Amino acid sequence: MTNHTLLLLLSAFSGGALTLVSGEEAGVSTEPYRERKVLTTSGEECTFPFRQGGRLHHHCITVLTSKPWCSLTGNFDRDRRWGLCLPSEGFNNTSRDVPDLCRANPCRHGGVCTPVPQIGSFRCSCPEEFTGRLCEQKKCYETLHLRHYDVGETWGRIHLRSVEQCTCLVWGAECQRVHYTMCRRNPCQNLGTCRLITATGKEVCHCRNGYSGPRCSLEPETECYNGRGTGYRGVAGTAASGARCLPWSSDLLFDELHVGTVFPSATKGLGEHAFCRNPDGDKRPWCYTTSDSAISWEYCNIPSCAKLASSSRRIVVFGVPPGGKKPNSPKPAKSPVCGTKHKKRLAVARGRIFGGTSALPGTHPWMAAIYIGPSDFCAGSLISSCWIVTAAHCLFRNPLKSQLRVVLGQHRFNVTGPNAQTFGVDKYIFPKHFSVFNPTLHDIALIKLKKEDGRCARKTPFVRPICLPDKTTAFPVGYCCAISGWGHLYEKGSNYSTLQEAGVRLISDDTCRDPAVYGNHITANMICAGLGSCVDACQGDSGGPLACAAGDVSFLHGIISWGEGCGRPGKPGVYTRVVNYVDWINSVVKAKARTL
């Protein structure tokens, strides 16, 4: 082993993660919005925020270069239009020593304060019903449209058989009767009638009872959902966490969903609105949100109509009255018990490939965040209710079990969200051939979770195990597999992130053993991946999974182990070959199960 490799491993031990990074992700920052116009060297104006690598950026960024750049549209991932940013006063002033202007939260009415350290200022993200720099101004609410209008906005309505033009002013809405004619076409849905304001040419809809909205497309009486909620057309627009939903037509959702690609979008309830829907047949209505400057999704806090109905009548179990016999139900169709995941990107729109972007919640439900002591960190993979597979070098210092904490279902680093499950550690086990003096060899370990309330991990859409390979599971050279982790976004980075994902292609052993790559440091227990990646180089945390999918089922093909630098040309990532250790894993897990 070279001295350089040893330094890399020691860095992983002290920092907790050996990260392999996508070139496009290098230097990515999540600083808040810069409240000023920024021009490029060609005189074009930057667009903020813009989407790159699945994340939202609010100022110029750097990618493997010291020259800052920005996108010329709101979605660089789609349009690939960019320019070098002109130097501006304070651009390099990223000091964190500015006063914490958000400590006292100047934002009113529940607004969220975000510091802008570059200019020593802040900005407020206001609730839907408020506006203004400090969220001090209440918006105007139109009951016929079931929506808020900002100060200065105008809209038409039909009120008490009169056609009116309304304007939102600082002190409230003012509406005046106006002249109108019949519409040449009828854009109103659900048999609504249309009138045309003569002065402005705006079309105004009058809705039948039970419908609302500017085009009569909303059903305000829908306060619950039936079945899975695929037919829900209500106006709830807030996720269960309180986050506001993104409009389904948002330009930021190009890779997750574009209304134009969903056919037919109208029948799925999508359109120019931000209300909860269930277009992919999930278990209940949901919507896209933003979390830590990344696209996310959440279920909505909408009650089931069946539950509301059951609360007002006698409870009947399985539809059978007390004393009746429970009918025989057909056996459920067999489905994989491991390796399946949520596919919000695939199920709603078109397929996409990995490319070093922020993952959506539930995309890698087997990911385990392993916190070691006060500062070290590694990742792992859930393989059964109580067992995690990780890299042995993450635990080579033999930390006390009381110093270990494992979090499943986590999306943002060190943030315990509503989908997370947290556990202590009962024990961890190394293979008998592992040695701290040569930690790249046999770099695998098992962690047994300590039960909470008599059980370990509970299977949810956000927490479920990955499948272990067997002797017949094989993936060819060049096969595209996925890696994921919370790792640093560039080689010398110090901060962790929201869960990231990337794609890497498997490399032949001969190529990896080439003297120009890693030579004789590669053994039969290792796999190399990443030279000819699907989109870009890899990224992730030590101990995390190299997951290869066969159909819709993912297998733990490798464990992120070591590598030279982060995303360096000609230096792929090296992974522990899991199939060589499956017999050992099964012997440990089954032996411990027999002793319970």
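Everything numeric here is computed off the predicted structure, so don't read it as measured data.

Chemist: Quick question: what am I supposed to make of the overall build of the protein here?
Modeler: A count of helical and extended segments in the protein gives six helices and 32 strands. Within the span of the protein, comprising 596 residues, buried residues form 50% of the whole. Of the contacts made within the protein by residues no fewer than 6 positions apart, 62% connect residues no fewer than 24 positions apart. With an accessible surface of roughly 28,800 Å², the protein has 52% of that area assigned to carbon and sulfur atoms.

Chemist: How should the pattern of salt bridges be read in this particular structure?
Modeler: Side chains carrying opposite charge are able to pair once their charged atoms draw close together. One pass over the full model with this rule turns up seven salt bridges. As a salt-bridge pair, Arg81 and Glu44 come within 3.4 Å of each other at their nearest N and O atoms. Here the residue Arg81 occupies a position in the loop between α2 (76-79) and β4 (82-84), and Glu44 occupies one in the loop between α1 (3-15) and β1 (50-52), the gap between them amounting to 37 residues. Of the residues examined, Arg81 reaches a relative accessible area of 40% and is grouped as partly exposed. Relative accessible area serves as the criterion here: at 34%, Glu44 is assigned to the partly exposed category. For Asp509, the salt bridge identified is with Arg577, shortest N-O distance 3.2 Å. Note that Asp509 is positioned in helix α5 (residues 509-512) and Arg577 in strand β32 (residues 573-577), a separation of 68 residues in sequence.

Chemist: Sorry, what's going on with the state of the cysteines here?
Modeler: In protein structure, a disulfide is the covalent linkage between the sulfur atoms of two cysteines. Under the definition given, this model contains 17 disulfides. Disulfide pairing is shown between Cys60 and Cys85; the S-S distance is 2.1 Å. Judged by the sign of its S-S torsion, about -100 degrees, the cystine formed by Cys60 and Cys85 is left-handed. Taken as a pair, Cys60 in the loop between β2 (55-57) and β3 (69-71) and Cys85 in the loop between β4 and β5 (112-116) lie far apart in primary sequence, 25 residues in all. Neither residue differs from the other here; Cys60 and Cys85 are each classed as buried. With a sulfur-sulfur separation of 1.8 Å, Cys338 is cross-linked through a disulfide to Cys467. Disulfide Cys338 to Cys467: torsion about the S-S bond roughly 100 degrees, handedness right-handed. Of this pair, Cys338 sits in the loop between α3 (305-310) and α4 (344-348) while Cys467 sits in the loop between β26 (445-449) and β27 (480-485), and the two are 129 residues apart along the sequence. Cys467 matches Cys338 in its accessibility class, with the two residues each being buried.

Chemist: Quick question: what am I supposed to make of the sheet that holds strand β14 (residues 180-182) here?
Modeler: Paired through backbone hydrogen bonds, the strands of a sheet run either parallel or antiparallel to each other. Reading across from one edge, β14-β15-β16 is the order of the three strands in this open sheet, with antiparallel pairing throughout. Across the chains shown, the open sheet's two edge strands, defined by having one partner strand only, are β14 and β16 (203-206). The average angle at which neighbouring strand axes cross in this sheet is 40 degrees, direction not considered.

Chemist: Sorry if this is basic, but what is going on with the sheet that holds strand β12 (residues 162-169) here?
Modeler: Read across the open sheet, the three strands follow the order β11-β12-β13; overall the sheet is antiparallel. The outermost strands of the open sheet, each flanked by one partner alone, are β11 (154-159) and β13 (172-177). Along the sheet, successive strands turn relative to each other by an average axial angle of 30 degrees, direction set aside.

Chemist: Whenever I open this one, the packing of aromatic side chains confuses me. Can you help?
Modeler: Within a pair of aromatic rings, the relevant descriptors are the distance that separates the centres and the angle that separates the planes. Per the counting criterion, the structure on display carries 21 aromatic pairs. Centre to centre, the rings of Trp286 and Trp297 are 5.9 Å apart; their planes meet at 70 degrees, and the pair counts as edge-to-face. Note that Trp286 is positioned in strand β17 (residues 286-291) and Trp297 in strand β18 (residues 294-299), a separation of eleven residues in sequence. Centre to centre, the rings of Trp297 and Tyr299 are 5.1 Å apart; their planes meet at 90 degrees, and the pair counts as edge-to-face. Pair check on accessibility: Trp297 and Tyr299 agree, each one buried. Here the aromatic residues Trp248, Trp286, Tyr288, Trp297, Tyr299 and Phe462 are joined through ring pairs into a cluster of three or more. The ring of Tyr149 is capped by Arg147, whose NZ or CZ atom sits 4.0 Å from the centre of that ring.

Chemist: Got a minute to help me understand the environment of Ser125 in this structure?
Modeler: With respect to the element layout, Ser125 can be found in strand β6 (residues 121-125). For the pair formed by Ser125 and Cys113, sequence separation is twelve residues and the distance between their alpha carbons is 6.5 Å. The residues contacting Ser125, other than those within four sequence positions of it, are Gly111, Val112, Cys135 and Arg244.

Chemist: Would you take a moment to explain unusual backbone geometry for this structure?
Modeler: Most peptide bonds take the trans configuration, and most residues that are not glycine carry a negative phi. Cis geometry marks the peptide bond from Phe48 to Pro49, where omega comes out at -10 degrees. By secondary structure assignment, the location of Pro49 is in the loop between α1 and β1. Phi is positive for Leu191, which is not a glycine, with a value near 65 degrees. Position of Leu191 relative to the elements: it lies in the loop between β14 and β15 (193-197).

Chemist: What is the right way to look at the environment of Ala457 in this model?
Modeler: Mapped onto the elements of the fold, Ala457 is located in the loop between β26 and β27. The class for Ala457 is buried, based on a relative accessible area of 11%. On a C-alpha basis, the gap between Ala457 and Leu382 in space is 8.9 Å, while along the polypeptide they are 75 residues apart. Setting aside residues no more than four positions away along its own chain, Ala457 makes contact with Leu382, Ser385, Leu408, Gln421, Phe423 and Val463.

Chemist: I tried to follow the nonpolar core on my own but got confused; where do I start?
Modeler: One recurring pattern in soluble globular proteins: nonpolar side chains tend to sit buried together. Among the nonpolar cores identified, the biggest contains 43 residues, and Ile383, Ile388, Val406, Leu408 and Ile585 are the most heavily contacted of them. For this core, the secondary structure elements donating two or more residues are β20 (367-372), β21 (376-384), β22 (387-390), β23 (404-408), β25 (425-429), β26, β31 (553-562) and α6 (582-594). Top element by residues in this core is α6. It accounts for five residues. Apart from the residues within four sequence positions on either side, Val406 is in contact with Ala368, Ala369, Ile370, Ile388, Gln421, Thr422, Phe423, Val425, Ile447 and Leu449. Counting residues in hydrophobic clusters, the runner-up holds 21 residues, among them Trp248, Cys276, Ile295 and Cys300.

Reading the values: the criteria
Residues numbered from 1 in each chain as written. Predicted model: local features only at pLDDT ≥ 70, side-chain atom pairs only at ≥ 80, totals over all residues. Heavy atoms only, no water. Helix = DSSP H or I, 4+ residues; strand = E, 2+ residues; numbered from the N terminus. Buried < 20%, exposed > 50% of the residue type's maximum accessible area, 1.4 Å probe, protein only. Contact = heavy atoms within 4.5 Å. Areas by Shrake-Rupley, 256 points an atom, 1.4 Å probe, with all protein chains shown as cover. Salt bridge = Lys/Arg side-chain N within 4 Å of Asp/Glu carboxyl O. Disulfide = S-S within 2.5 Å. Pairing = 2+ DSSP bridges. Axes fitted to C-alpha atoms, helices over the stretch in contact; angles between N-to-C directions. Phe/Tyr/Trp six-rings, centres within 6.5 Å; stacked < 30°, edge-to-face > 60°. Lys NZ or Arg CZ within 6 Å of the ring centre and 35° of its normal. Core = buried A, V, L, I, M, F, W, Y, C linked by side-chain atoms within 4.5 Å.

Fair warning: the whole summary comes from geometry, so function is off the table for now.
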